[in-house]
Amino acid sequence: MQTVQARGVNPYTIHVGRSILQQAPDLLEQAMKRCKHRDNRVLIVTDRHVARYHLVPLSTALRKGGFEVQRLVFPAGEQLKKHKSLYGMLRAMVRRGLTRDSTVFALGGGVIGDFAGFASSNYMRGCHLVQVPTSLLAQVDSSIGGKVGINLPEGKNLVGSFHPPLFVLMDIDTLRTLPSREFVSGLAEIVKYGLIGERRLFEELERFFIPLSPGTAKEIQKALTEQGHFLDELVLRSSRIKAEIVERDEREQDLRMILNFGHTFGHALEQATSYRKYLHGEAVFLGMRMATLLSETLGLLDADTGARVCGFLGRFPTPRVKPPSVKRVFAAMGTDKKKRGGTLHFVVLEALGKAVTKSDIPDGLVTQSIDRVLSGAVS
Ligand SMILES: NC(=O)c1ccc[n+]([C@@H]2O[C@H](COP(=O)([O-])OP(=O)(O)OC[C@H]3O[C@@H](n4cnc5c(N)ncnc54)[C@H](O)[C@@H]3O)[C@@H](O)[C@H]2O)c1
């Protein structure tokens, strides 16, 4: 097992390895020693897909370790992140006698992490949380950084807080049961880390994927599962990059914004299609191509590097669906604009591994980048 330290106001450790769910009780035991009051009650929150494979091993391990385990299993999907379910979970916690010294284990993808994390940040003004991410996206992205929250009918993640966990338990073996499309969607964030922060990571990804792609999602997942060491390395390095960026900018003021590379476009694509056509990472793959073209148009990135990046991103499968109109995608950027005080910020590339934020970009340049990708003008 390897560890990554998430430093900051409330530091915690990210444990990365294989078959490490069994270590949950020992790690919780250690964490409890740092807490003022001890409470052995644990609530595992998960969804039905994840419960099928990973709930019993985790709850059995915790019970064997002497913890009193209760479980809440919700339907899978983004629909969970709403106030009604939150209220339901908080009331279930009261009925089950949980206290502010009890611990919530969020076992699942980013939806469970955000939802159960937000509930734990509110329950009796905050109880303990352990993140056990089981999707690739949750492992390399959403379980690190302490952001938790739910959606409003007006937009995604509009209600939330920062609630760092006691620790993160990242068992890479749980990815074996993840559907291939979800797996590839999570890869988008890993590619992003290479592009915004670590040129060498991007080059290693090129060396791995170019000989075998373009492949189907299934083929990509199989190739990475067979090269287990490389996958372990990718998860570990990505967690490290995310933890470092968050550490330098815990409350998301400036630096952390570069994590949004491809996301301003990607979120707009998801929203313009009512979250029905693209998985998050698929929209981010397309969004990163748009952001790369924008970087080129702004004269920040040379044409050869732009073509290299767009060519690589284009190797990952995205759904063959009728895309939304450019006008709709651009209009959907309004939500991001509102969140940022009326200004659209774009993360653009200056070189491989180097990203900066820019605002006040003429609308025409933005729509041109969207159009070129959606119309297939860029391979
Ligand atoms: N808090 C943050 O910093 C942050 C960052 C990025 C994304 N997010 C949030 O993360 C969410 C998306 O996360 P996601 O992509 O993990 O989606 P998800 O949680 O919906 O998981 C995707 C699907 O995979 C299934 N699944 C997960 N792990 C599995 C496993 N090991 N075996 C079988 N099935 C498994 C889930 O049941 C679900 O059907 C969004 O709500 C997004 O807003 C949060």
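Because the structure is predicted, anything quoted here is derived from the model rather than measured.

Basis of the calculations
- Residues numbered from 1 in each chain as written.
- Predicted model: local features only at pLDDT ≥ 70, side-chain atom pairs only at ≥ 80, totals over all residues.
- Heavy atoms only, no water.
- Salt bridge = Lys/Arg side-chain N within 4 Å of Asp/Glu carboxyl O.
- Buried < 20%, exposed > 50% of the residue type's maximum accessible area, 1.4 Å probe, protein only.
- Near = heavy atom within 4 Å.
- Polar contact = N/O pair within 3.5 Å; in protein donor to acceptor, adjacent residues only side chain to side chain.
- Helix = DSSP H or I, 4+ residues; strand = E, 2+ residues; numbered from the N terminus.
- Nonpolar A, V, L, I, M, F, W, Y, C, P; charged D, E, K, R; others polar.
- Pairing = 2+ DSSP bridges.
- Right-handed = clockwise from strand over helix to strand, strands pointing away.

Asker: Looking at this model, I keep getting lost on the pattern of salt bridges. Mind explaining?
Answerer: Side-chain pairs of opposite charge can arise where the charged atoms are in close proximity. Per the counting criterion, the structure on display carries 21 salt bridges. Salt-bridge contacts for Lys 81 lead to Glu 78; the nearest nitrogen and oxygen are separated by 3.5 Å. Taking relative accessible area as the criterion, Lys 81 reaches 4% and is therefore assigned buried. The exposure class assigned to Glu 78 is partly exposed, which follows from its relative accessible area of 31%. In this structure, Lys 354 and Glu 350 form a salt bridge, with 2.8 Å as the shortest nitrogen-oxygen distance.

Asker: What is the right way to look at the site of the ligand in this model?
Answerer: In the vicinity of the ligand there are 25 residues, among which Asp 47, Glu 78, Lys 81, Ser 135 and Thr 177 approach most closely. Between the ligand and Lys 156 there is a distance of 3.5 Å, counted from an oxygen atom to a side-chain nitrogen or oxygen. Thr 174 places a polar main-chain atom, nitrogen or oxygen, 2.9 Å from a nitrogen atom of the ligand. When residues of the shell around the ligand are traced back to their parent elements, those giving at least two are α2 (48-64), α4 (110-122), α5 (136-142) and β8 (155-162). In terms of residue class, the shell around the ligand is built from 6 nonpolar, 10 polar and 9 charged.

Asker: Before we go on, may I ask you to explain unusual backbone geometry in this structure?
Answerer: One non-glycine residue, Ser 19, lies in the positive phi region at around 50 degrees. Positive phi values are uncommon outside glycine, yet Arg 125 reaches one of about 65 degrees. Within the element layout of this structure, Arg 125 appears in the loop between α4 and β6 (128-133). By relative accessible area, which is 79% here, Arg 125 ends up exposed.

Asker: Whenever I open this one, the pairing of strand β4 (residues 68-74) confuses me. Can you help?
Answerer: Both faces of the sheet carry side chains from a regular strand, because those side chains alternate between them. Bridge analysis of strand β3 (residues 41-47) against β4 gives 7 bridges, and the strand direction is parallel. Across the sheet, residue Ile 44 finds its bridge partner in β4, namely Arg 71. The β-α-β motif built from β3, the intervening α2 and the parallel element β4 has right-handed crossover chirality.

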